[in-house]
Amino acid sequence: MTTQPTDVPAIQLRGVSKSFRTPDGQEVGVQPTDLEVAAGEIHGIIGFSGAGKSTLLRLANLLERPDAGQVIVHGDDLTAMPPATLRAARQRIGMIFQHFNLLHNRTVADNVAFPLRIAGASPERIRERVDTCLAFVGLAEKAGAYPAQLSGGQKQRVAIARALAPEPHVLLADEPTSALDPRTTQSLLEVLADVNRRLGVTILLVSHEMGVIRRLCHRVSVMEGGHIVERLRIDQGRIPPGSQLAQWLKDYGDGTGDAPEEEVDPTASLQREASHA
Amino acid sequence: MLESLLATFIELLPEIGKAAGETGLMLVICLTAALLFGGSLGILVFLTSKGQVLGRFRRFNLVANGFINVFRSFPFIILLVAVSPFTRHIVGTSIGPLAASVPLSLAAIFYFARLIEQTLRDVPRGVIEAAEAMGASPLQIVRQVLLVEARSGLILAVTITAVSFLSYSAVAGVVGGGGIGDLAIRYGYYRFQTDVMLITIVLLVILVQGIQFFGQWLARRVDKR
């Protein structure tokens, strides 16, 4: 549906930092960090709780304003924008959340229409986009339902349809599968892979689940203590041996409930995925 | 007993009709004021509270909160007397249902503002955040997120306010406000006509039940959560 220049990075975080103080006085957040996400790729951010990965993601659309540094999305510096321009820019940056954050008093179709209404789209365009996006996530028949009538996986699909409605170039995903069971996670990851492959949307995704990173991401940034400590390329689900991440995988498993593996074997994991499908 | 009650009722019917009209007038005026000004004030206080969309306007939040607390700490009957110069200034008199509507509206505005602010806190922060991430302006967040997601709570807030101020309007009757409460006090209390007292109380009970029932029915109907 959308094509965009691949020479400009989709997201550039330049020297961004953000610090918070927790109630017990601990300093958390993001230390001065650089991150570049190429157009068209799925980039994962992984780390333990409190590593600053969600904060880093939320800096990318300025839900958190950095204490310092620049946030550049498709060549435009969000940090330099006045509020109205920033709102317009945000309309092209989709976002999904761990707890879906749907409007509960609106139908599925109205939820998907929401970002378009905000942008002042015409009724015809709204109808067309709602139909297209709900069909894309496989929920066309749920258009008139309310979120309370849906399962967790269905709610996240609606959230994806909502994020896709304004045809974004970039999708930010904050722990999108962490509230879902392994099987639902699997089918949701396929939807996200489709969003990337068929629609060409760049995805920046935060997860603490190793399995999600391995199955979905092209590249991964490993975070610890507010820093990116490792940047890796994931080739067909293979975590480069000798990396910090490979060590974590060995120590803690892939976070999907499977037992830790002795050896990182991509074919084994592919077979397991096939049996889920 | 019942027969004589009925006779009194019929005899007093014109008075009761007039009183009901006055009560209705006071309620309509003070609820309208509460909805318009109290609603806006409550929404603004919510939006400017810590961690919300307009949280950077901290000073406004502190001042508005203080204002609400000050007005809400006045016992109503004191407020009634305290604002009477102001009432005379805008209505021209401090007697009658219109005059009583001024202190009633003042009290209702701050009462309702606090109720609204607290009702809006039930809207999950994440839902508001999602709207922000989609590029919604603060006004769009109010109209399309807050008022939609909190609508059943908001209806209940209006219901509670209506019931409370039906009762407050009787207090306003003491200083010549008129209305059903005034009727109860004049006939039932000052003249020891217990039957009149009974009739007005039955009327008030029916009114309160009706408002409460309708409010809860409507709130349930619009709640899809």
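Below you will find a few notes about this structure. (Residues numbered from 1 in each chain as written. Chains lettered and ligands numbered in written order. Predicted model: local features only at pLDDT ≥ 70, side-chain atom pairs only at ≥ 80, totals over all residues. Heavy atoms only, no water.)

1. Observations regarding helix α2 (residues 58-73) of chain B
Residue and element names in this part refer to chain B. Basically, it comes down to this: Starting at the N terminus, helices and strands are each numbered in turn, a helix being any DSSP run of H or I of at least four residues and a strand any DSSP run of E of at least two. An expected span of 1.5 Å times one less than the residue number is assigned to each helix. Each residue is assigned to one of three classes by its accessible area relative to the maximum for its type, calculated with a 1.4 Å probe on protein chains only: buried under 20%, partly exposed between the two thresholds, exposed over 50%. Arc definition: it is the arc formed by the directions from the helix axis to the C-beta atoms.
End to end, α2 covers 23 Å across 16 residues, agreeing with the expected 22 Å (1.5 Å per residue, within 8%). Among the residues of α2, Asn61, Ala64, Asn65 and Ile68 are the ones counted as buried. Buried residues along α2 cover an arc of 105 degrees about the axis, so they all sit on one side. Of the residues in α2, the exposed ones pointing more than 90 degrees away from the buried face are Arg59, Leu62, Val63 and Ser73.

2. Points about the sheet that holds strand β1 (residues 11-21) of chain A
Residues and elements named next belong to chain A. Selection criterion: A pair of strands is labelled paired if DSSP reports no fewer than 2 bridges between them.
Spatially, the four strands line up as an open sheet ordered β2-β1-β4-β5, and their pairing is antiparallel. A single partner strand is all that each edge strand has here, and the edge strands are β2 (27-37) and β5 (76-77). Pairing of strand β4 (residues 68-73) with β5, which is carried by two bridges, proceeds in the antiparallel orientation. Of the residues in β5, the one forming a bridge with valine 73 is aspartate 76.

3. A closer look at the sheet that holds strand β10 (residues 227-233) of chain A
Residue and element names in this part refer to chain A. We count it as follows: The convention used is that axes are lines fitted to C-alpha atoms, helices contributing only their stretch in contact, and that angles between N-to-C directions extend from 0 to 180 degrees. Whether two residues are in contact is decided by their heavy atoms: any pair within 4.5 Å suffices.
With respect to topology, six strands assemble into an open sheet ordered β6-β7-β8-β3-β9-β10, the strand pairing being mixed. Strands with a single pairing partner mark the edges of an open sheet, and in this sheet they are β6 (93-96) and β10. Across the sheet, the mean angle from the axis of one strand to that of its neighbour is 15 degrees, orientation sign disregarded. Pairing between strand β3 (residues 42-47) and strand β9 (residues 219-224): five bridges, direction parallel. Opposite glycine 47, over in β9, you have methionine 223 as the bridge partner. Together, β6 and β7 (170-174) form the strand contacts of helix α5 (residues 152-164), whose direction differs from that of β6 by roughly 170 degrees. Where helix α8 (residues 244-252) meets the sheet, it contacts β3, β9 and β10, and its direction lies at approximately 75 degrees from that of β9.

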